[in-house]
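# Per-entry structural report
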Amino acid sequence: MRAPEHGQSGESRPHSQFRVFGGLRAARDGAEVDLGPWRQQVILAMLLVAAGGVVSIESMVDCLWGENPPASAVNQIQRHVGQLRRILEPDLPARSNGRYLLPAGTGYRFLIPTEDCDLAMFRELVRRARADVASGNTTAGVRAYLTAFELGRSPAFAGLPVQTLNTAGFVAVERERIAVAVAATDAAILSGMADRALTPLLIMAEAAPLDEALQASLMRAYLATGNRAEAQRVFEQTRRRLVEELGVEPGPRLRDAYRELLATGWTPEDEQAPAKVLRPAQLPPPVAGFVRRNDVAAMLDERLADTFGETTVVITALGGMGGIGKTALAVHWAHEIADKFPDGQLYLNLRGFDPTGRVMSSDDALSTLLASLGEQDTPEQSLDVRAARYRTVLAGRRMLILLDNARDAEQVRPLLPATRGSLVIVTSRNSLVSLVAREGARYVQLDRLNEAESHEFLSNRLERARTDAEADAVRDIVTACAGLPLALAIVAARAALNPRLPLRVIATQLATPSGALDTLSTVERGDDLRTVFSWSYHNLEPDAAYVFRVLAAHPGPEISLESVASAAGIDRTNTRLRLDALVAANLLVESRPGRFSLHDFLRAYGGELLNRAGEREAVERRLVVHYLHSVHECYARYWRQPVTVLPAPGPNVWAETCQSLQEALDWYTREQPAVWPVAEVALRHGMVREAALLVLGVVPGLDRPPHAPETNVMIAQRILDAAPGIVEPVVEAELERCVAMLSPVPDAVMHMQRALSIFARIGDLAGQSNVSRNLAMRNMVQGDAACLAHAERAVELARQAGRRDLLASGLLTLSEIHLKFERTELGRRAGEEGLAIVRADRLDHLNIYYARYVAEASWKLGRLDQAIEVADWGLAEAVSESNGPLCATAAILARAAFDRGDMVRAEQASQRFEALIAGDGFHELVEMSSAEEAVGYRDMVAYVRARLNLLETPP
């Protein structure tokens, strides 16, 4: 961001500010200046590090040239010093020292106020933090520490030559930065604020992987936030690096942190099993090459502590789809904790989803378990009597009981012990809701392996040299297998049995879902992916099986209840019941209320069933109609006139409705990944007009070029190619405009001209205004001054058309262009005219954009009250699919309020900005504007935040 045009009130001399973290930079009166060649920059950096102290010419020579300086070294330094003075104070008289860079003895010193240098502010904040903590004002101390930590989270003087940064003064600054990170983390942990320190600490720790103090602090922060698995990972990773790169074991700090980690775990007392009691050890061997899922392991370890508490019996139920690795994980964990159960381990495969259909009964299961415990079976006794005897045998014993592949809770219930000290692990494809509700089972839903775990899986099963040699193919295999351990295991088996088979061949075979199912088949029944899925599918009721097939037609990553009901042609209540049955069978995941997701392989398997039943075309046509009417329901919430009239949807189509603009934005955010493929489905079935209207409705207004994947561009182009003679001219023109906005230059210009030609032919002024505005945006992004003429044309055409909504959009574009080219007053005027329309007509989707530009223009022109009022209004009334404009407006509000002297509002706006960029906000800010502007907004808030902290406590 540029500084206000009015400059600093009451100052006639240039005012300079300096930043060292993230790279040496300087600004004069708010505008960044070029600091000259690298040696000149190093001199300035040394002076800033000295913080007003004297830096001798001798030390400058040593830093710049080492042991072999040229004869002209001193003269060169003096010239650089003079040049720095002229850069910072261009009007300085000849031979004058100025107010910054002063001679001192045999060297120089650099004098600036603390608030004008981020390194000085950093050090002052640290000084105050230490003083506050020492005096008992812990909250204020931690806050100052964390502010300093945030200010200095990037390395100082990045970009200067490495040999320079390795000299003592600069190394000391880096050590100072790391020491503050450690101190800030320690203080935050003691104050219960460890979560505040974790994000910047992660950034610093990644940049210094061998710094034991920093890594130890990261471990403690993870422990304080309850993430023991990550703390363990940090220790193991750091230890490995120390051994491999330095040849040393961890030092005291890292070892102490590791001892703290171990101290959080439960250690059972050492007990011996009773004499002469059969101690079964029935666990199957662990799976070779097993990949430890640290997040799940941490959850399971927490369950283990309950086993020896007051709980009567502890049951851990592992659920998930077929092939997700439930048994492998259960067996692996059971082996890890087996020594905690001195009376032995029982294992039983209940065959709940056996391909033969021979599910083990509870009677047979009890017979097997009693025999394993050395008890004579009495089959003539009732199930209840034998279950009671089983519980009696287990009383007072610490047993680990693994019941694998359970069908339902009723099968498991008679096999449970009744006294504390034993742990039951149950795996099932069903969610065992009844076991959770009645017996208090702890349910753990097993999800896919992540990318790193999938890579580790293949590397463990195959020779690492082979996976390293074909890294690209391994990456494609991992993507295709979508985290399903069974799929990865079959791939690994094929590759191991065919050592000369290139992994690229397997990756190619996995490239399509149907090809993947063929590739992931084996000759042995039970390991074939289709067979494994069929065990769950054939256990469904017919109605639920039909909905499972219908789900396969949905192309989106998430599926709404209404879209399933429409595609199936049934009411929502019955659809909900059938979806619940699929979730219970772990064939479907309810990722959030009313939203469902289906594994890619299950989708492919369901698609084969859908085709076999001859249901696909009817299902897909209903799905197209559902999305067409849902898109246009949301489109209407943008106060835009529909392109053309839609036919009635027909019976049992449950189009999704929106009651507000925010709901429409949320719907678009969720559904855009599905609408484009649905448009392609429509085109495949000859529904050209429906496909066109879907595409036009999914990019409301086409105000900005969306970041469209190449596949979307291709879909839009194919629809456009099929449109002539089938759709109305206005629809064809809008399609040309749509393809233009998705296409690169020069194709975009060609499509824009075609759209203009059609709109002109049919006399559509509104369409011409839209195209002109789009051209203006395109030209502005490219830095082409022609954008101004297009924007003015868009505004004039909107006035002629009498369309106030289009006039508001056009004026917004015109305001943005004026501001971009530093015509601030003109930008303010256009913005204020458009803002009046937006407020009067309740065009809420434009609120935050107008707030940003009008507030920015007002701040630059010194109209601080207006900037504050408009920014406040915009943030309160914002409706936006992106946090980008919210971030920019909050930053402007923070700076304007600070300049106005309203420290409370400046603090609130700074907090709002920090909250917005905590997730993807900064990335969205970069997408909305540019990386340079986004950094400018962030620096603006960092400056305000640091100044506010400095004002809190007198020096």
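Residue indices begin from 1 for each chain and proceed along its sequence in written order. Side-chain atom pairs in this predicted model are given and counted only at pLDDT of 80 or more, local residue features only at pLDDT of at least 70, and totals for whole chains, interfaces and linings cover all residues. Note that the side-chain values use all heavy atoms of the structure and ignore hydrogens as well as water.

## Quick notes on the overall build of the protein chain
Only DSSP runs of H or I with at least four residues qualify as helices, and only runs of E with at least two residues qualify as strands; both kinds are numbered from the N terminus onward. Scanning the protein chain from terminus to terminus reveals 43 helices and 14 strands. For the C-alpha atoms alone, the extent of the protein chain along its principal axes is close to 110 × 80 × 55 Å. Sequence separation of at least 24 residues holds for 70% of the intrachain contacts in the protein chain that already meet a minimum separation of 6. A 1.4 Å probe and the Shrake-Rupley method give the accessible areas. Residues count as covered only by the protein chains that appear here. Carbon and sulfur atoms make up 51% of the accessible area of the protein chain, which totals about 41,300 Å². Here a residue-residue contact requires only that any non-hydrogen atoms of the pair lie within 4.5 Å.

## Here's the deal with the sheet that holds strand β2 (residues 25–28)
As a general point, the strands of a sheet are linked pairwise by backbone hydrogen bonds and lie either parallel or antiparallel. Strand order in the open sheet made by the three strands is β1-β2-β3, with antiparallel pairing throughout. Two strands in the sheet have a free side with no partner beyond their single neighbour: β1 (16–19) and β3 (31–32). Two strands are counted as paired when DSSP detects at least two bridges linking them. Of the strand pairs in this sheet, β1 and β2 are connected by four bridges, and their pairing is antiparallel. Across the sheet, the residue bridging to Q17 is A27, located in β2.

## Thoughts on the packing of helix α39 (residues 847–860) against helix α41 (residues 884–900)
The angle between two axes is taken between their N-to-C directions and runs from 0 to 180 degrees, where each axis is a line fitted to C-alpha atoms and a helix contributes only its stretch in contact. With their axes 9 Å apart at the nearest point, α39 and α41 run at an angle of 30° to one another. Accordingly, the angle class assigned to the pair α39 and α41 is roughly parallel. Crossing of α39 over α41 shows left-handed handedness. Contacts from I848, Y849, A851, R852, A855, E856 and W859 of α39 reach α41 at P885, L886, A888, T889, I892, R895, A896 and D899. Residue composition of the contact of α39 with α41, by class: 10 nonpolar, one polar and four charged. An angle below 35 degrees is treated as roughly parallel, one above 145 as roughly antiparallel, one from 65 to 115 as roughly perpendicular, and anything else as oblique. Rotating anticlockwise by less than a right angle from the far helix to the near helix defines a left-handed crossing, while the corresponding clockwise rotation defines a right-handed one. As a working rule, the residues Ala, Val, Leu, Ile, Met, Phe, Trp, Tyr, Cys and Pro are called nonpolar, Asp, Glu, Lys and Arg charged, and the rest polar, with Gly in that last group.

## Comments concerning the pattern of salt bridges
The term salt bridge refers to a pairing of a side-chain nitrogen on Lys or Arg with a carboxyl oxygen on Asp or Glu at a separation within 4 Å. In the structure shown here, the tally under the stated rule is 44 salt bridges. Of the charged contacts, one joins R829 and E825 as a salt bridge, the two residues approaching to 3.1 Å between their closest N and O atoms. Taken as a pair, R829 and E825 lie in helix α38 (residues 824–841) at a separation of four residues, close to a single helical turn. Here R895 makes a salt bridge to D899, at a shortest N to O gap of 3.0 Å. You can see R895 and its partner D899 sitting in helix α41, four residues apart, about one turn around the helix. Each member of the salt-bridge network shares a partner with another, and the members are R19, R25, E32 and D939.

## Points about the packing of helix α5 (residues 138–151) against helix α7 (residues 168–190)
Closest axis-to-axis distance for the α5/α7 pair is 9 Å, and the angle between their directions is 145°. Regarding α5 and α7, the two cross each other, and that crossing is left-handed. Facing α5, whose interface residues are V142, Y145, L146 and F149, α7 presents V180, A181, A183, A184, T185, A187 and A188. Classifying every residue of the contact of α5 with α7 by side-chain character gives 10 nonpolar, one polar and no charged.

## Points about the confidence of the model for the protein chain
Close inspection of predicted coordinates is inappropriate in any region flagged by low pLDDT. Across the chain, each position has a pLDDT score giving the predictor's confidence in that residue, from 0 to 100. When the pLDDT values of the protein chain are averaged, the result is 83; 91% of them are 70 or greater. At the low end of the mean pLDDT range in the protein chain sits helix α12 (residues 294–307), at 68; at the high end sits helix α36 (residues 787–801), at 95. In the predicted structure, residues 1–12 sits below a pLDDT of 50 and forms 24 contacts with residues beyond four places in sequence or in another chain. Scored below 50 in pLDDT, residues 700–707 makes 29 contacts in the model with residues more than four places away or belonging to other chains.

## As for the packing of aromatic side chains
The description of two aromatic rings rests on the distance between their centres and on the angle between their planes. Between rings of Phe, Tyr and Trp, where Trp is taken as its six-membered ring, a pair exists when centres lie within 6.5 Å; planes separated by under 30 degrees are stacked, by over 60 edge-to-face, and by other angles tilted. In total, this model carries 13 aromatic pairs according to the counting rule given. Through successive ring pairs, a cluster of aromatic residues spans F533, Y537, F548 and Y605. Above the ring of W873, the side-chain terminus of R839 is found at 4.3 Å from the ring centroid. The criterion for a charge sitting over a ring is simple: Lys NZ or Arg CZ within 6 Å of the ring centre, and within 35 degrees of the ring normal.

## Topic: the environment of S72
Here S72 shows up in the loop between α2 (57–65) and α3 (73–88). Each residue is assigned to one of three classes by its accessible area relative to the maximum for its type, calculated with a 1.4 Å probe on protein chains only: buried under 20%, partly exposed between the two thresholds, exposed over 50%. Looking at S72, the relative accessible area reads 29%, which means it is partly exposed. Between the alpha carbons of S72 and R799 there is a distance of 69 Å; along the sequence they are 727 residues apart.

## Quick notes on helix α9 (residues 212–224)
Compared with an ideal rise of 1.5 Å per residue, which puts 13 residues at 18 Å, α9 spans 18 Å between its outermost C-alpha atoms and is within 8% of the ideal. Among the 13 residues in α9, 10 count as buried, and that is most of the element. All buried positions along α9 are accounted for by A213, L214, Q215, A216, S217, L218, M219, A221, Y222 and L223. Two N or O atoms count as a polar contact when they lie within 3.5 Å, although within protein this holds only if one can serve as hydrogen donor and the other as acceptor, and sequence-adjacent residues are included solely when both atoms are side-chain atoms. Of the residues that open α9, the one with a side-chain oxygen 3.2 Å from the backbone nitrogen of A213 is D211. G226 lies just past α9 and shows a positive phi near 80°. Expected helix span is taken as 1.5 Å per residue step, with the number of steps being one fewer than the number of residues.

## Thoughts on the environment of V142
Counting through the fold element by element, V142 comes out in helix α5. Setting aside chain neighbours within four positions, we find V142 in contact with A187, A188, S191 and M193.

## Some thoughts on the nonpolar core
The biggest cluster of nonpolar side chains holds 129 residues, and the ones touching the most others in it are F548 and L582. It is helix α30 (residues 661–684) that provides the largest number of residues to this core, a total of 11 residues. If near-sequence neighbours (up to four positions away) are discounted, L582 is found in contact with L540, A544, V547, F548, L551, L587 and L588. Counting 82 residues, the second-largest nonpolar core is a separate cluster that includes A73, A156, L201 and L218. Take the buried Ala, Val, Leu, Ile, Met, Phe, Trp, Tyr and Cys residues and link them wherever side-chain atoms come within 4.5 Å; each set so joined is a nonpolar core.

## Here we look at unusual backbone geometry
Positioned with a positive phi, F157 is a non-glycine residue whose angle comes to about 60°. Structurally, F157 is set in the loop between α5 and α6 (162–165). Of note, E822 is a non-glycine position whose phi angle comes to about 65°, a positive value. Here E822 is to be found in the loop between α37 (804–820) and α38.

## What to know about the sheet that holds strand β7 (residues 314–319)
Read across the open sheet, the five strands follow the order β8-β9-β10-β7-β11; overall the sheet is parallel. Here the strands that pair on one side only, and so sit at the sheet edges, are β8 (345–349) and β11 (442–445). Within this sheet the neighbouring strands show an average axis-to-axis angle of 15°, counted without direction. Bridge count for β8 against strand β9 (residues 400–406) is five bridges, and the pairing is parallel. Counted as the bridge partner of Q345 is L400 from β9. Lying on the sheet, helix α13 (residues 326–337) is in contact with β7, β9 and β10 (423–428); it crosses β10 at an angle near 165°.

## Notes on the pairing of β9
The element β9 is largely enclosed, with a buried count of seven among its seven residues. Pairing analysis gives five bridges linking β9 to β10, with the strands arranged parallel. Paired with L402 across the strands is I425, a residue of β10.

## A word on α36
For α36, built from 15 residues, the straight-helix expectation of 21 Å at 1.5 Å per residue is met to within 8% by its first-to-last C-alpha distance of 21 Å. Among all positions of α36, only C787, L788, A791, A794, V795, L797 and A798 are buried. In this fold, the buried residues of α36 make contact with α35 (765–781) and α37. Among the residues trailing α36, G802 stands out with phi positive, at a value near 70°.

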